[in-house]
Amino acid sequence: MNEFISLKIDNKSVRCKKGSSILDAALMAGIYIPHLCHHPNLPDHEACKLCVVEMLGQGTIVASCSTEAKDGMALVTNSPVVQKIRNLSIELIFSEHPADCTSCPKYLKM
């Protein structure tokens, strides 16, 4: 039996299958959350930190790719603290990346 839960993301009511991640629930509802590490060929290990969301009422920031959606949750995908964390994360991601991708030693070596 498929059990569904209800939560709010950006004040929008969302229903999803129990056991879904917050990111999957949002994407299925047409709500975009930036993400890099949540790719079908990569494990969800919270590495990029771009998919963070804020849990309302708790002031807690969680990675949406690896946090299970729970019934009654209220989440915000774009608050000042979320933006600050995402900006820092992208700065860290690019801090060691060459300005010219073609000079990267991993260029075309997958």
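What you see is a predicted model, and the numbers here were worked out from it, not measured in a lab.

(A) How the structure looks around the overall build of the protein chain. When you go through the protein chain residue by residue, the secondary structure sums to 2 helices and 5 strands. Its helices and strands in sequence order give the protein chain the pattern β-β-α-β-β-β-α, from N to C terminus. Among the 110 residues that make up the protein chain, the fraction classed as buried is 33%. Summarising the internal contacts of the protein chain: among those between residues at least 6 apart in sequence, 44% fall at separations of at least 24. Of the roughly 7,300 Å² of accessible surface on the protein chain, a fraction of 57% belongs to carbon and sulfur atoms.

(B) Layout of the pattern of salt bridges. Evaluated as defined, the whole model comprises 1 salt bridge. Lys70 is paired through a salt bridge with Glu68; the nearest N and O atoms lie 3.7 Å apart. Judged by its relative accessible area of 44%, Lys70 falls in the partly exposed class.

(C) Looking closely at helix H2 (residues 80–95). For H2, built from 16 residues, the straight-helix expectation of 22 Å at 1.5 Å per residue is met to within 8% by its first-to-last C-alpha distance of 22 Å. When we look at burial in H2, the residues that qualify are Val82, Arg86 and Ser89. Buried residues of H2, viewed axially, fall in a sector of 65 degrees; they line one side. Exposed and facing more than 90 degrees away from the buried side of H2 are Pro80, Lys84, Glu91, Leu92 and Ser95. Tucked into the core, H2 has its buried residues touching strand E3 (52–55), strand E4 (60–63) and strand E5 (74–76).

(D) Broad picture of the sheet that holds strand E2 (residues 12–17). Taken together, 5 strands build an open sheet; the order of strands is E2-E1-E5-E3-E4 and the sheet is mixed. Strands with a single pairing partner mark the edges of an open sheet, and in this sheet they are E2 and E4. Each strand axis lies, on average, 40 degrees off the axis of its neighbour in the sheet, ignoring direction. Looking at chain direction, E3 and E5 are connected through 2 bridges and run antiparallel. Bridging from a neighbouring strand, Met55 pairs with Leu75 of E5. Sheet strands in contact with H2 are E3, E4 and E5, and its direction is about 155 degrees off that of E3.

Rules behind the numbers
Residues numbered from 1 in each chain as written. Predicted model: local features only at pLDDT ≥ 70, side-chain atom pairs only at ≥ 80, totals over all residues. Heavy atoms only, no water. Helix = DSSP H or I, 4+ residues; strand = E, 2+ residues; numbered from the N terminus. Buried < 20%, exposed > 50% of the residue type's maximum accessible area, 1.4 Å probe, protein only. Contact = heavy atoms within 4.5 Å. Areas by Shrake-Rupley, 256 points an atom, 1.4 Å probe, with all protein chains shown as cover. Salt bridge = Lys/Arg side-chain N within 4 Å of Asp/Glu carboxyl O. Expected span 1.5 Å × (residues − 1). Arc of directions from axis to C-beta. Pairing = 2+ DSSP bridges. Axes fitted to C-alpha atoms, helices over the stretch in contact; angles between N-to-C directions.

In short, the description is geometric, and any link to function would need to be established separately.
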